[in-house]
Amino acid sequence: MKELLHASLVLLGASSFLASNAHAQVTPQRLLDSAKEPQNWLMYSGDYTGHRFSTLDQINTSNASALVPKWAYQTMAGGKFETTPLVVDGILYATGQDDRAFALDAKSGRPIWQYQRALPADIRPCCGRVNRGLAILGDKVFFGTLDTHVIALDSKTGNVIWDVAAFDYRKGYSITLAPLIIKNLVIVGVSGGEYGIRGFIDAYDATSGERKWRFYTVPGPGEPGHETWEADSWKIGGAPAWITGSYDPATNTTFWTTGNPSPSNRGEGRAGDNLYSNSLLALDPDTGKLKWYFQFTKHDEHDWDATQVPVMIDQGEKHLIAQANRNGFFYVIDRSTGKLVFSNPYAKVTWSNSKDADGRPASLKEASPTPEGSRVCPGAAGATNWMSPTYDPQTKLFYVTAREQCDIFSTAPQPYEEGHAYYGSAYFPNDDTAPFWGALRAIDPETGKIKWEWKHPSPTWSGVLSTAGGLVFSGDAEGNFIALDAVSGNALWHFQCGASVYSSPMSFAIDGKQYVAVAAGSALFTFALP
Amino acid sequence: MPALNRLKKIGSLFQMQTLAVLRGFLLAFFAAIVFCLALTQLSAQDTNPLANDPKASKLGEFQFRSNCAFCHGLGARGGGRGPDLTRAQKRHGNSDADLFRTINEGVPGTAMPPNGATQQGVGMTDTEIWQVIAYIRSVQVKAPAQPLGDAAHGKTLFFGTAACSTCHMIEGKGGRLGPDLTTTGSARATDYLVDSVRNPSRRLAQGISEAMKEFSQEYETVKVETADGQKFTGVVLNEDHFTLQMLDLREQIHLFEKDKLRSYEKSRESLMPAYDQKLLSDKDLQDILAFLLSVGAR
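Residues numbered from 1 in each chain as written. Chains lettered and ligands numbered in written order. Predicted model: local features only at pLDDT ≥ 70, side-chain atom pairs only at ≥ 80, totals over all residues.

Novice: Which parts of the structure should I look at to understand the overall build of chain B?
Specialist: Summing up its helical and strand segments, chain B has nine helices and seven strands in all. Counting the 298 residues in chain B, one finds 31% classified as buried. (Helix = DSSP H or I, 4+ residues; strand = E, 2+ residues; numbered from the N terminus. Buried ≥ 20, exposed ≤ 12 C-beta atoms within 10 Å, placed from the backbone.)

As structure tokens, this is what we get:
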């Protein structure tokens, strides 16, 4: 009897151990080895490379036409639903509009927990009450909020474990990106380039929430780069960092991108290159120290944030970063030195027709905003924007959503007032032109040449996913979610979601069945084979 | 002692009650004061506290460019989707309070969003909204527009020899191929209206707007040939990459999957004929505009 009891206790212990292991601790090692668990989607871009590529191939070019919707989860919140979910061992974690987070049974779409941030009434985030997703480590998920807090939620209950204010939201700061976990650090950057903030990237201890380092993207007095700002303009210099970075464990370097200098469309008063606005930054994740930088657009006057996920590509011995920039050029940069390999336009560009000494596109004087307005391509929303591109290591192609839209830029010299909108300009589409359009473009990162394009009737905000099934998934402003052949660019399947796609898709598997998920309208949709 | 205690208790109870009554009275009194203050505050907000302040109006111009010009155009003269705001007559109310409400709350059922809800801008504070109103007042035409022409004759032309009503509806009468013009007179600048008649292909009118889509569908012309050889010409009601919804010249709706069509050709050459001087004299055009304005003002 005693022995029996003992045995059953052991069994109970073992089963509870197994149960807790089932939704297991996500260790830093698991994040590094994410390729070993293709059924899970462990971080914003899928893995540290920023590829947004799934090695799952159950859904492939031969059967994609048979895809069917499996479930939809409605947040019932308004505005743009920009999330990329995480999936870990059968549980899907995501954020909704208005700073809510939720965990679902990834197979059925049924909620397990929900968390709603109580947002102050006076937040005024630019561009919608959006959030792009979570990060996961241990038994916590991490979340940046519109009132500029970084919070850790219990991944089993959604309860708040720690909550840290990164900055005073009343000064125009907010957080909209999905954090990046490196080792035991939660790395986030701020939004707020429309408010005259001073941008930064922060790292928090995942266990305690204690801030370990802060890298100001606008250098202060005495720091290198400070001389690229006129007078006190650095204090309100902008350069937010509102898209998730990538990480190269081989060199222990994390790559982050920054947004526009403030005011976004008026260069007067901030003469100089305005470092490190519109740049790619290579940082030491342990200390936040800058290793090198590359600035895409110097002294920007067109709101061309460089906030596109930095994509790590290896070509033999060459270790590179590719970025299709908002300014219309596709850049390939040496990942160890920060030196430009080449740049090539991938969309219509009118602001540059020459290169500087470093091979960087140089700006034409007449592209500057004027009181009457001057027409420039790409427009302020850019040739692309925050929606993720994808790199497919099988086709060796880089796929990006391109927007063919030009705008008229006119000056509007607003004075700076803390926490208030601070653009210094206005932009709007030219009514006399043909309608703007968009395209999903496949770029060869060896040459910068466009291999194929899939035309969208109007500019879209959907990101792109590639998979080992030879497929590329993306959406459009008309509400279609589309599967294309990654080699030919032919559409194999589409589904009408009922509202524009403002998110980047991902893929996961449960019990041997592959799913593709995308947020559109107020719903998160999943698709699989019947 | 117990009796005294009880008395004390009663006394303190009495005091408490008195206090409570007094407190209630005081509360009511303060509430009344606050209410009165709120009323004065409210009435103060009926008119622009920054009216006729040139500095406020200049700041308002910058705010306008950042937040409003995207639709209403530089100088507030109207763009492709936003009405001309230099008109003295505003469709959704002329008073300062009306303008404040329109800007702050938007206009349901139209493309005008509530303050801070656009994809392009960030919200404006109350002061910034008043600055914008000061700016709008500064560019507003001072005298009401002179009657352009003979509205009654314009109406005869519209529904008669000028044949506008073949394709355009006003207050429920007319055709469906072109945009309904009932509110156009109040929404568009005169230059825009003249241009739309003389050169309709230069800037196509906008049709359906979808909630999350940045750009509206335009009145593009489309020619279609089906797999079985039927041919249709008409306007695009809506389309996406895969499908087309169109209205043909006989006002029949057709719904097509593009890959099942033999041919499909879209054009930005409007189906509307360009009304040159021979088709429509300047005077007759002015009469039609006067008619549109008179309807729009209603």
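Moving on, there is more to tell.
Novice: Is there a simple way to explain the overall build of chain A in this structure?
Specialist: When you go through chain A residue by residue, the secondary structure sums to two helices and 38 strands. Scaling as 2.2 N^0.38, a compact globule of 530 residues should have a C-alpha radius of gyration of about 24 Å, and chain A matches this with 23 Å. Taken across its 530 residues, chain A has 58% of its residues classed as buried. (Rg over C-alpha atoms; globule rule 2.2 N^0.38 Å.)

Novice: Is there a simple way to explain the interface of chain B and chain A in this structure?
Specialist: Each partner contributes residues to the interface: chain B has 26 residues there, and chain A has 32 residues. Contributions of two or more residues to the side of chain B that touches chain A are made by α2 (54-67) and α3 (69-72) of chain B. It is α2(B) that contributes the most residues to the side of chain B that touches chain A, three residues altogether. Residues that form the side of chain B that touches chain A fall into these classes: nine nonpolar, eight polar and nine charged. (Contact = placed C-beta atoms within 7 Å. Nonpolar A, V, L, I, M, F, W, Y, C, P; charged D, E, K, R; others polar.)

Novice: Would you explain the sheet that holds strand β30 (residues 437-443) of chain A in this entry?
Specialist: Each strand in a sheet pairs with its neighbour through backbone hydrogen bonds, running either in the same direction (parallel) or in the opposite one (antiparallel). All names here are of chain A. Pairing is antiparallel across the open sheet formed by four strands, whose spatial order is β26-β27-β30-β31. Pairing within the sheet leaves two strands with one partner each, and these edge strands are β26 (390-392) and β31 (450-456). Going from strand to strand, the sheet's axes swing by 25° on average, the running direction of each strand aside. Pairing between strand β27 (residues 397-404) and β30: seven bridges, direction antiparallel. Considered in β30, the bridge of A402 is made with A439. (Pairing = 2+ DSSP bridges. Axes fitted to C-alpha atoms, helices over the stretch in contact; angles between N-to-C directions.)

Novice: Got a minute to help me understand the nonpolar core in this structure?
Specialist: Proteins that are soluble and globular tend to have nonpolar side chains buried together. Counting 173 residues, the largest nonpolar core has A:L134, A:A135, A:I136, A:I181 and A:V186 as the members making the most contacts within it. Of the residues forming this core, the biggest block, seven residues, is contributed by helix α5 (residues 126-139) of chain B. Beyond its immediate chain neighbours, meaning those up to four positions away, A:L134 contacts A:L86, A:Y93, A:A94, A:T95, A:A101, A:V141, A:F142, A:F143 and A:A178. (Core = buried A, V, L, I, M, F, W, Y, C linked by C-beta atoms within 7 Å.)

Novice: Just checking my understanding: could you explain helix α6 (residues 151-159) of chain B for this structure?
Specialist: For an α-helix, the turn length of 3.6 residues means that residues three or four places apart are oriented alike. Residues and elements named next belong to chain B. Listed in full, the buried residues belonging to α6 are A151, G154 and F158. In a view along the axis of α6, the buried residues occupy a sector of 50°, so they form one face of it. Buried residues belonging to α6 abut β1 (169-170) and α9 (282-296). (Arc of directions from axis to C-beta.)

Novice: It is not clear to me how the confidence of the model for chain B should be interpreted in this structure. Could you clarify?
Specialist: Low pLDDT means the predicted atomic positions in that stretch should not be read closely. Residue and element names in this part refer to chain B. The predicted model of chain B averages 83 in pLDDT, with 81% of residues at 70 or higher. Across residues 1-21, where pLDDT falls below 50, the model places zero contacts with residues more than four positions away in sequence or in other chains. Note on residues 35-44: pLDDT under 50 across the span, and one contact to partners over four residues away in sequence or across chains. We note a pTM of 0.89 for the whole complex and an ipTM of 0.91 for its interfaces. (pLDDT = per-residue confidence, 0-100.)

Novice: Is there a simple way to explain the packing of α6(B) against α9(B) in this structure?
Specialist: Residues and elements named next belong to chain B. One way to put it is that α6 packs onto α9 with a least axis distance of 7 Å and a crossing angle of 100°. Judged by the angle between their axes, α6 and α9 are roughly perpendicular. Mapping the contact onto sequence places A151, H153, G154, K155, L157 and F158 in α6 and D284, D287, I288, L289, A290, F291 and S294 in α9. Classifying every residue of the contact of α6 with α9 gives seven nonpolar, three polar and three charged. (Parallel < 35°, antiparallel > 145°, perpendicular 65-115°, else oblique.)

Novice: Would you mind going over the sheet that holds strand β6 (residues 253-257) of chain B with me for this structure?
Specialist: Residues and elements named next belong to chain B. Sheet architecture is open: five strands sit in the order β6-β5-β4-β3-β7, paired in antiparallel fashion. The open sheet has two free edges, formed respectively by β6 and β7 (261-267), since each of these has just one partner strand. Direction aside, neighbouring strands of the sheet carry axes that sit 35° apart on average.

Novice: Would you mind showing me how to read the packing of helix α4 (residues 96-105) of chain B against α5(B) here?
Specialist: Residues and elements named next belong to chain B. At a closest axis distance of 10 Å, the pairing of α4 and α5 adopts a crossing angle of 120°. Our classification of the angle between α4 and α5 gives oblique. Relative to α5, α4 is oriented so that their crossing is right-handed. Packed against α4, whose contacting residues are D96, L99, F100, I103 and N104, the element α5 presents I129, V132, I133 and I136 at the interface. A per-class count over the contact of α4 with α5 returns seven nonpolar, one polar and one charged. (Left-handed = near helix turned anticlockwise from the far one by under 90°.)

Novice: Looking at this model, I keep getting lost on the pairing of strand β33 (residues 471-475) of chain A. Mind explaining?
Specialist: Looking along a regular strand, one sees the side chains alternate between the two faces of the sheet. Residue and element names in this part refer to chain A. The element β33 is extensively covered by neighbouring structure, given that five of its five residues are classed as buried. Where burial is concerned, the two faces of β33 agree: the one with L471, F473 and G475 and the one with V472 and S474 are both buried. Examined bridge by bridge, strand β32 (residues 464-467) and β33 share four bridges and lie antiparallel to one another. Looking across to β33, one finds that S466 is bridged to V472. The pairing of β33 with strand β34 (residues 480-485) spans five bridges and is classified as antiparallel. The partner of G475 across the bridge, within β34, is F481. Once β33 ends, the chain turns through four residues before running back antiparallel as β34, passing G479 with a positive phi of about 100°.

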